[in-house]
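Structural features, examined
What follows is the residue order along each chain.
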Amino acid sequence: MKNIILLGPPGSGKGTQSKILVEKQGFFQISTGELLRETVGSGSKEGKVIKKLMEKGDLVPDQMVIDMILNSIKVNIDKSIIFDGFPRNLVQAEALEKSFEKESMTIDHVILLEVKSENLEKRINKRLAESEINDRRVDDNVETLIKRVQVYKEMTLPIIDYYEKKEKLIKINGMLSIEDVSRLINNILK
Ligand code: AMP
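Okay, so let's go over this structure.

Procedures and definitions
Residues numbered from 1 in each chain as written. Predicted model: local features only at pLDDT ≥ 70, side-chain atom pairs only at ≥ 80, totals over all residues. Heavy atoms only, no water. Salt bridge = Lys/Arg side-chain N within 4 Å of Asp/Glu carboxyl O. Helix = DSSP H or I, 4+ residues; strand = E, 2+ residues; numbered from the N terminus. Buried < 20%, exposed > 50% of the residue type's maximum accessible area, 1.4 Å probe, protein only. Core = buried A, V, L, I, M, F, W, Y, C linked by side-chain atoms within 4.5 Å. Contact = heavy atoms within 4.5 Å.

**So, the pattern of salt bridges**
Counted under the stated rule, the structure contains 10 salt bridges. The residue lysine 165 makes a salt bridge to aspartate 161 at a minimum N-O spacing of 3.4 Å. Of this pair, lysine 165 and aspartate 161 both sit in helix H7 (residues 142–165), 4 residues apart, which is roughly one turn of that helix. Overall, the relative accessible area of 40% leaves aspartate 161 in the partly exposed class. In this structure, glutamate 164 and lysine 171 form a salt bridge, with 3.7 Å as the shortest nitrogen-oxygen distance. Residue glutamate 164 is classed as partly exposed on the basis of its relative accessible area, which comes to 38%. Sharing partners across several salt bridges, the network here consists of Lys56, Asp58 and Lys147.

Here you go:
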């Protein structure tokens, strides 16, 4: 069993690579973005608050996300987990670590998909061009992307340092093809 975290800026391909790992290697994916979109879809009061934050590209309050993650870990404790989009800041990274210690679980690798800011806009435009209007995420537009990249730099980049110090971090060039990135991830998991 292995537990991994996929890190990277919005549009770096975390979701795509997570899906490949789920299909080909039987990982269980925990994506906070997807869990939050489900809550938004439920139309609840909490969902409405979350929707506004996601539309602006802001992070959802830590406690909300941490509770979601801890519940999901508890019921999937026997699986290899891939964390996609979590943790997004130091508070979340520390909460994950504490919970893993309690359950005697470990994070095996933290894989960072590196993509330069100037390439992210091109990627999101491609994603928009290739998707149907009804399938688009509320935050898939250039304006929100710019905010999400800014939030990534301010809030998420510090956790790269955190995992580097713990000697868990492995960097991959996220500009390579989907197949090549997937091959590199598989090599790490061997
Ligand atoms: P993602 O699908 O990972 O790109 O996330 C989409 C949006 O969901 C983000 O821009 C945030 O508004 C929210 N979100 C996802 N994961 C988190 C997280 N770990 N902490 C706070 N907000 C999050």
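**Some details on the nonpolar core**
Judged by nonpolar contacts, the single largest core of 31 residues is most densely connected at Ile5, Leu7, Ile73, Phe83, Leu96 and Tyr163. Counting only elements with at least two residues in this core, the list comes to strand E1 (4–7), helix H2 (32–41), helix H3 (45–56), helix H4 (62–75), strand E3 (81–84), helix H5 (90–102), strand E4 (109–114) and H7. Setting aside anything within four residues of it in sequence, one finds isoleucine 73 in contact with Ile30, Phe83, Leu96, Ser99, Phe100 and Met105. Core analysis: the second largest hydrophobic core is formed by 12 residues, Ile4, Leu21, Leu113 and Ile188 among them.

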